[in-house]
Amino acid sequence: MSFGRLSRRHFARLAGGAVLGLSATPTHSADAGGTQQGFPAGFRWGTATSAYQIEGAVNEDGRGPAIWDRFAHMPGTIIDRSNADVACDHYRLYRDDIQLMKGLGATAYRFSIAWPRVFPDGLGTPNPKGLDFYDRLIDELLANGIEPFATLYHWDLPQALQDQSGGWMSRDTARAFADYAAYVAERLTDRVSHVFTINECSRLVHLGHGLGIDAPGLKLPQAELNQVRHNVALGHGLSVQAIRARGRPGTKVGPAENLVVCVPAIDTPANVRAAEMATRELNGGYLTVMLEGQYIDGFLAQAGKDAPKYTAEDLRIISSPIDFLGLNIYKPDHYVLAADNERGFTLAPFPASFPHMDADWLRFGPEAMYWAPRHAAKLWDLRSIYITENGTSATDEPAADGNVHDLDRVMYLRNYLQQLQRATSQGVPVAGYFLWSLIDNFEWADGYQKRFGIYRVDFRTQRRTPKLSASFYREVIKQNAVV
Ligand code: BGP
């Protein structure tokens, strides 16, 4: 189902704080055994990965260099001085990895397509062997009863585009991305019915172009950064249009964004309303413009003289109607309180003792999984949401018996899934969940030091071993309920 811009009426309703717009009728599957833990019938269960983090084979079959190849080989960029030249060798081992998914009982898989495999120079002549790999992968998934969900861009920009036009600093990259999207749509949407455009615009902009922690490692001044942000959003919109024009009719398309998650500090109607307003304002540079077709006042006021340059036509393209919203949810970003100020809310600071997982950024706040989709569904009148990533890193040392008893990850997942179940049982339209990640992989600047997989990878032998969390997830999928 498509949705476009918000109507004035919708906002009036929101401002008035009345109707939630969510059904109060629980939609548990009948086989949930009366546990009150069940998910809707047909709920998609899967795992998520991305091309650069698992494939390896960076020089295979005509693949061109990506900005992450260049970046990871620069001294001082990756904490353990590693790179993803081999990674999980998934390019060769994909059949085995699909068997791991099948063993979990997973019904869906979110993977990404490497743009530089398909267009080694970013544009121009496609490399047939590049797309052949994804043909094989998709056919193998379907043969095993697993539905492919493809992401077009998970940060592996062809290096040639960075060199020639400054990558996302140029609008040309947004256009090249749409051409690539059109080609992929034409070739794959006979078998792939769900396509994600860009993974986490906000991270690729901020960490890649502002802080220099991710590729291409730039530290741009604010005005240029805002222009990059705009170009990325434009790339999203142009690719939505390209997929509609060239993909099989009925192909469903949407972004996969790590929205800023705003949780009401105390669940009162006033704080919930404040958290909704905060969600809309703090996501002003990405989701809000994609879903409303405008840079809202709060965003423009904050950007000031550094605001991006754009046309009305740009905004129309960026807000091209989408079919679903993908949300990557790991942590709460803010706890919100209603306030009698211009914004209508304040953000409570995090105390130093707030619990977190194995990474400093990864706060343990399961309620993020309830509030994020609930706010998004209400604010933007959404009909379909996928949780496109959720998971945690953990130290994962094998015990004396060789098994990894990752109780911390099991605890994290169980609590987050309980909150997701709370959301779906109240009618928040979440249709599926993709756990990050199937296997330990190259976690960007953290190299191989952070392990997010529910299968452990021994990177010397490429052996995959199930962790306790894999057994947990198998049981969740089997029962379609939190266990
Ligand atoms: C998300 C990315 C994933 C994955 C995950 C874990 O932002 O979409 O690709 O890497 O975060 O984060 P990190 O590797 O930074 O610990």
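Note: the structure precedes this text.
What this report covers is the structure whose coordinates are included nearby. Values in this document were obtained by computation on a predicted structure and should not be read as measured data.

So, the pairing of strand E2 (residues 108-112)
Inference 1: With five of five residues buried, E2 lies mostly within the body of the structure.
Inference 2: Neither face of E2 is left uncovered, since the one carrying Ala-108, Arg-110 and Ser-112 and the one carrying Tyr-109 and Phe-111 both have all their residues buried.
Inference 3: Here three bridges tie strand E1 (residues 44-48) to E2, and the two strands are oriented parallel to one another. If you follow Ala-48 over to E2, its bridge partner there is Arg-110.
Inference 4: The pairing of E2 with strand E3 (residues 147-153) spans five bridges and is parallel. When the sheet's bridge partners are listed, Phe-111 is paired in E3 with Ala-150.

Quick notes on the site of the ligand
Inference 1: Close to the ligand lie 15 residues, the nearest being Gln-53, His-154, Glu-200, Arg-203 and Glu-443.
Inference 2: A distance of 2.9 Å separates an oxygen atom of the ligand from a polar side-chain atom of Asn-199.
Inference 3: A distance of 2.9 Å separates an oxygen atom of the ligand from a polar atom in the side chain of Arg-203.
Inference 4: Burial of the ligand by the surrounding chains reaches 94%, relative to a free accessible area of 380 Å².
Inference 5: Classifying every residue of the shell around the ligand gives six nonpolar, four polar and five charged.

A few points about the sheet that holds strand E8 (residues 334-338)
Inference 1: Across the sheet, three strands lie side by side as E6-E8-E9; this open sheet has mixed pairing. Only two strands of the sheet have a single partner each, and these edge strands are strand E6 (262-264) and strand E9 (345-348). Between one strand and the next, the sheet's axes are offset by a mean angle of 45°, whatever the strand orientation.
Inference 2: The pairing of E8 with E9 spans four bridges and is antiparallel. Looking at the pairing, Val-336 lines up with Leu-347 of E9.
Inference 3: Contacting E6, E8 and E9, helix H11 (residues 269-282) crosses the sheet at an angle of about 125° to E8.

Re unusual backbone geometry
Inference 1: Here Ala-215 and Pro-216 are connected by a cis peptide whose omega angle stands at 5°.
Inference 2: As for its placement among the helices and strands, Pro-216 is situated in the loop between helix H9 (201-210) and helix H10 (222-246).
Inference 3: Ser-437 follows Trp-436 through a cis peptide bond whose omega is 10°.
Inference 4: Following the sequence through the fold, Ser-437 ends up in the loop between strand E11 (430-436) and strand E12 (455-458).
Inference 5: A positive phi angle is found at Glu-200, which is not glycine, with a value near 50°.
Inference 6: Mapping Glu-200 onto the fold places it in the loop between strand E4 (194-199) and H9.
Inference 7: Although it is not a glycine, Asp-381 sits at a positive phi angle of roughly 55°.
Inference 8: Considering the arrangement of structural elements, one finds Asp-381 in the loop between helix H15 (368-380) and strand E10 (385-389).
Inference 9: Residue Asp-381 is classed as partly exposed on the basis of its relative accessible area of 30%.

A few points about the pattern of salt bridges
A side chain with one charge may pair with a side chain of the opposite charge, provided their charged atoms come close.
Inference 1: This structure, assessed with the given rule, holds 34 salt bridges.
Inference 2: Lys-378 is paired through a salt bridge with Glu-276; the nearest N and O atoms lie 3.1 Å apart. Here Glu-276 lies in helix H11 and Lys-378 lies in helix H15, a separation of 102 residues in the sequence.
Inference 3: Owing to a relative accessible area of 6%, Lys-378 belongs among the buried residues under this scheme.
Inference 4: Overlapping salt bridges bring together Asp-396, Asp-406, Arg-409, Asp-440, Arg-451 and Lys-467 as one network.

Observations regarding the packing of H11 against H15
Inference 1: Here H11 crosses H15 at 75°, and the two axes come no closer than 10 Å. The angle between H11 and H15 places the two elements in the roughly perpendicular class. Residues Val-272, Ala-275, Glu-276, Thr-279 and Arg-280 of H11 lie in contact with H15, whose contacting residues are Trp-371, Arg-374, His-375, Lys-378, Leu-379 and Trp-380.
Inference 2: Class assignment for the residues of the contact of H11 with H15 results in five nonpolar, two polar and four charged.

Considerations on the pairing of strand E7 (residues 325-328)
Inference 1: Judged by which residues are buried, E7 turns out to be covered on both faces: Leu-325 and Leu-327 on one side and Gly-326 and Asn-328 on the other are all buried.
Inference 2: In the sheet, strand E5 (residues 252-257) pairs with E7 via two bridges, with the strands oriented parallel. Its bridge partner lying in E7, Glu-257 is registered against Leu-327.

Describing the packing of aromatic side chains
Inference 1: For the coordinates displayed, the defined rule picks out 46 aromatic pairs.
Inference 2: Between Trp-68 and Phe-71, the aromatic rings sit 5.1 Å apart at their centres with planes inclined by 80°, giving edge-to-face as the arrangement. Here the residue Trp-68 and the residue Phe-71 both occupy positions in helix H3 (residues 67-72), the gap between them amounting to three residues, near one helical turn.
Inference 3: Relative accessible area serves as the criterion here: at 1%, Trp-68 is assigned to the buried category.
Inference 4: Assessed through its relative accessible area of 4%, Phe-71 is described here as buried.

Procedures and definitions
Every residue gets a number counted from 1 within its own chain, in the order that chain's sequence is written. Per-residue local features are limited, in this predicted model, to residues with pLDDT of at least 70; the limit for side-chain atom pairs, both in listing and counting, is 80 or more; totals at the level of whole chains, interfaces and linings are taken over all residues. The side-chain numbers reported here are obtained from all heavy atoms of the structure, hydrogens and water having been left aside. Think of it in three bands: with a 1.4 Å probe and only protein chains considered, a residue is buried below 20% of the maximum accessible area for its type, exposed above 50%, and partly exposed in between. Elements are defined by DSSP. Helices are runs of H or I of four residues or more, strands are runs of E of two residues or more, and each kind is numbered from the N terminus. Two strands are said to pair when DSSP picks up at least two bridges between them. To be near a molecule or strand, a residue needs just one of its heavy atoms within 4 Å of it. Polar contact is the term for a pair of N or O atoms within 3.5 Å; when the atoms are in protein, one must be able to donate a hydrogen and the other to accept it, and sequence-neighboring residues count only if both atoms are side-chain atoms. Computed with the Shrake-Rupley method and a 1.4 Å probe, the accessible areas treat only the protein chains shown as cover for residues. Gly falls in the polar group here, along with every residue not listed as nonpolar (Ala, Val, Leu, Ile, Met, Phe, Trp, Tyr, Cys, Pro) or charged (Asp, Glu, Lys, Arg). Between N-to-C directions, angles span 0 to 180 degrees; the directions come from axes that are lines fitted to C-alpha atoms, helices contributing only their stretch in contact. In what follows, a contact means two residues having at least one pair of non-hydrogen atoms within 4.5 Å. By definition, a salt bridge exists where a carboxyl oxygen of Asp or Glu is found within 4 Å of a side-chain nitrogen of Lys or Arg. Each angle receives one of four descriptions, namely roughly parallel if under 35 degrees, roughly antiparallel if over 145, roughly perpendicular if within 65 to 115, and oblique otherwise. Under the pairing criterion, centres of Phe, Tyr and Trp rings, with the six-membered ring standing for Trp, must be within 6.5 Å; the plane angle then separates stacked pairs below 30 degrees from edge-to-face pairs above 60, leaving the rest tilted.

These figures capture arrangement, not role.
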